[in-house]
Amino acid sequence: MHERIWTAALVVIGDEILSGRTQDRNIAQLATWANAQGIRLAEVRVVPDRQDAIVEAVNALRARNDYCFTTGGIGPTHDDITVDAIAAALGVPVVIHPGARAALEAYYASKGGLTEARLRMARVPEGAELIVNRMSGAPGIRWGNIFILAGVPHIAAGMLDALTGTLEGGLPVVSRTIGCWVAESEIADLLGETERAQEGVSIGSYPFFREGRVGANFVVRATDAVVVDRCIAILAEGLEARGYEAVDGGI
């Protein structure tokens with residue numbers, strides 16, 4: 001019987017990401033957080049600040065994954081259209097969430113009050129719940145299996161922290177790395193045989209060229225640490241039998 005694998009997808013929203021003006025940090029952040037919840041980040045799509053692109057991406061990814069996260073486009077300016085786009089994707093109206101309004105009123109009480117622009121951050125697709133944001137007042141949004149997060153990485157991190165332990169998932173993935181000064185093509189058979197012999201294991205091969213010679217790091221991943229350790233031992237033994245030195249932890 002195969003273990004149930006829970007998956008998530010991420011839609012990164014923003015012209016500034018696609019133009020290169022801003023370097024995305026949320027992909028790695030979400031992948032790490034999700035893994036600790038026993039959820040695999042299965043796919044990522046980067047889309048512009050355009051409603052049709054957001055609608056298409058969110059509807060496609062939420063249908064084939066357990067969870068769909070979005071980052072970006074929930075600020076106070078006119079080009080922050082994520083809420084409108086996701087409401088359109090869901091076929092529901094946009095409403096002011098009373099809890100979000102109260103949180104923003106409290107946050108901005110000593111900062112000039114709740115302006116019309118700031119009130120935009122209280123807008124949600126009808127039927128949504130809020131994700132607590134202790135960093136900047138404006139909450140994240142949950143609607144079914146969709147999680148709408150801020151684009152600013154440290155604010156998104158706070159929202160993920162608020163979600164920790166609240167989503168159903170499986171076992172977190174354990175990984176270990178072994179490195180070797182060898183061309184990966186020389187030991188492709190060893191890698192393939194080892195992976196096939198152990199159910200639920202994946203082995204990633206990451207070649208590099210350094211100090212004038214080729215090498216590779218091999219990352220073994222599974223949900224069972226005992227299985228990971230066994231695979232590392234098999235790889236190390238196989239490498240040494242072929243005359244190569246295995247470096248635990250990678251090179």
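The following refers to the structure shown. (Residues numbered from 1 in each chain as written. Predicted model: local features only at pLDDT ≥ 70, side-chain atom pairs only at ≥ 80, totals over all residues. Heavy atoms only, no water.)

1. Quick look at the environment of N133
In this fold, N133 is placed in the loop between β6 (129–131) and β7 (140–143). Residues N133 and A103 lie 30 residues apart in sequence; the distance between their C-alpha atoms is 9.2 Å. Here N133 is in contact with A138, P139, I155 and M159, once residues within four sequence places are set aside. Looking at N133, its side chain comes within polar contact range of the side chain of S136, at 2.9 Å. Looking at N133, its side chain comes within polar contact range of the main-chain oxygen of A138, at 2.6 Å. (Helix = DSSP H or I, 4+ residues; strand = E, 2+ residues; numbered from the N terminus. Contact = heavy atoms within 4.5 Å. Polar contact = N/O pair within 3.5 Å; in protein donor to acceptor, adjacent residues only side chain to side chain.)

2. Re unusual backbone geometry
One non-glycine residue, E211, lies in positive phi territory at about 55°. Topologically, E211 is positioned in the loop between β10 (202–210) and β11 (213–222). The class for E211 is exposed, based on a relative accessible area of 65%. (Buried < 20%, exposed > 50% of the residue type's maximum accessible area, 1.4 Å probe, protein only.)

3. What to know about the pairing of strand β1 (residues 6–13)
When you tally the buried positions in β1, you get 8 out of 8 residues, the bulk of the element. Residue alternation in β1 divides its side chains into two sets, W6, A8, L10 and V12 and T7, A9, V11 and I13, and both sets are buried. The sheet contact formed by β1 and strand β3 (residues 67–71) spans 5 bridges and is parallel. In the strand pairing of β3, V12 is matched with T71. (Pairing = 2+ DSSP bridges.)

4. Comments concerning the packing of aromatic side chains
Throughout the structure, instances matching the rule amount to 6 aromatic pairs. With 5.4 Å between their ring centres and 85° between their planes, W181 and F208 make a pair best called edge-to-face. Pair noted here: W181 is in the loop between β9 (174–180) and α8 (188–197) and F208 is in strand β10, with a separation of 27 residues, a long-range link. Judged by relative accessible area, W181 falls into the partly exposed class, the value being 22%. Among the aromatic residues, ring-to-ring pairing joins W6, W33, Y67, F69 and F147 into one connected group. Of note, K111 hangs over the ring of Y107, and the distance from its end group to the ring centre comes to 4.2 Å. Looking at R213, its charged tip hangs above the ring of W181, at a distance of 3.9 Å from the centre. (Phe/Tyr/Trp six-rings, centres within 6.5 Å; stacked < 30°, edge-to-face > 60°. Lys NZ or Arg CZ within 6 Å of the ring centre and 35° of its normal.)

5. Notes on the sheet that holds β3
With respect to topology, 6 strands assemble into an open sheet ordered β2-β1-β3-β8-β7-β6, the strand pairing being mixed. Every other strand in the sheet has two partners, leaving β2 (39–47) and β6 as the edge strands with one partner each. With direction set aside, neighbouring strand axes in the sheet form an average angle of 20°. As judged from the 3 bridges shared by β7 and strand β8 (residues 146–149), these two strands associate in the antiparallel manner. If you follow R142 over to β8, its bridge partner there is F147. Across the sheet, helix α4 (residues 82–90) is in contact with β1, β3, β7 and β8; its angle to β8 comes to roughly 170°. (Axes fitted to C-alpha atoms, helices over the stretch in contact; angles between N-to-C directions.)

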